[in-house]
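# Summary of the model geometry
Here is how the chains run, residue by residue.
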Amino acid sequence: METFQELMTQLTPLQIGVAAVAFIFLLIGLRLVFKKPPAHLTAFSGDAGSVLVSRKALQELIRSACLLDEWVEAARPTIRLRNNKVTARVELRLARPEDLKAICERVQEHITALLQKSLSFEQIGEIEIVVKSFGKEAAETERLPQKSLPPAAQNVSPEVEERDSPAKEASPGKKD
């Protein structure tokens, strides 16, 4: 088995340089992976000092802003600080898949208003909305066969249903 010293004498300077660069990139990568983001974000600064908001508090506020929309059943925000701007990625569960664009725009407006007006965040970045799922009601409606839906959902008028009903056709006590 070769010792470290013997191995080093067999390597060329180019190989040692490549190994050193690879080691530096590995250290940088590990630092980026394990670097903990700041626990508090600076909302604004003034002559008297700074106002800080914790990430958890900001996530709770954004979640409540999303839930203001009646179509949003659940929200899971992630807050990041990029280029000195607060960015948000919000995963939503919506009640139904209808009018997706309008719902997402309303949610983005709620979040922007919250960050700008309520918390006075000056640098707001992108607010990304990710629709992860639709509510149980929408999924059950899609899975049920057409027969088991109520008459209004089947687009069948009540008059047609009464006329075709077997109970009306054959009454046991009456003869035609």
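Now for a quick tour of the structure.

What follows covers the layout of surface pockets. Estimated volume of the largest pocket: approximately 200 Å³. Around the largest pocket, the lining comprises 13 residues; the ones closest to its centre are Thr42, Ala43, Leu81, Asn84 and Phe121. Top contributing element to the lining of the largest pocket by residue count: strand 1 (residues 40–45), with six residues. Here the residues of the lining of the largest pocket are counted per class, giving seven nonpolar, five polar and one charged.

Quick look at the packing of helix 3 (residues 55–66) against helix 4 (residues 100–118) now. At a minimum axis distance of 9 Å, the contact between helix 3 and helix 4 shows a crossing angle of 140°. Taken together, the axis directions place helix 3 and helix 4 in an arrangement best described as oblique. As helix 3 packs across helix 4, the resulting crossing turns out to be right-handed. Along the contact surface, helix 3 presents Leu58, Leu61, Ile62, Ala65 and Cys66, while helix 4 presents Val107, His110, Ile111, Leu114 and Leu115. Counted by class, the contact of helix 3 with helix 4 contains nine nonpolar, one polar and no charged residues.

Moving on: the environment of Gly135. With respect to the helices, strands and loops of the structure, Gly135 is situated in the loop between strand 5 (124–134) and helix 5 (136–143). Once the C-alpha coordinates of Gly135 and Glu73 are considered, the two residues, 62 residues apart in sequence, prove to be 7.0 Å apart. Discounting chain neighbours no more than four positions away, the residues touching Gly135 are Glu73, Arg93, Leu94 and Ala95.

The rules behind these values
Residues numbered from 1 in each chain as written. Predicted model: local features only at pLDDT ≥ 70, side-chain atom pairs only at ≥ 80, totals over all residues. Heavy atoms only, no water. 1 Å grid on protein atoms, 1.4 Å probe; cavity = no way out; pocket = protein on both sides within 12 Å on 5 of 7 lines; lining within 4 Å. Points joined across faces, edges and corners; volume = space filled by probe spheres on them. Helix = DSSP H or I, 4+ residues; strand = E, 2+ residues; numbered from the N terminus. Nonpolar A, V, L, I, M, F, W, Y, C, P; charged D, E, K, R; others polar. Axes fitted to C-alpha atoms, helices over the stretch in contact; angles between N-to-C directions. Parallel < 35°, antiparallel > 145°, perpendicular 65-115°, else oblique. Left-handed = near helix turned anticlockwise from the far one by under 90°. Contact = heavy atoms within 4.5 Å.

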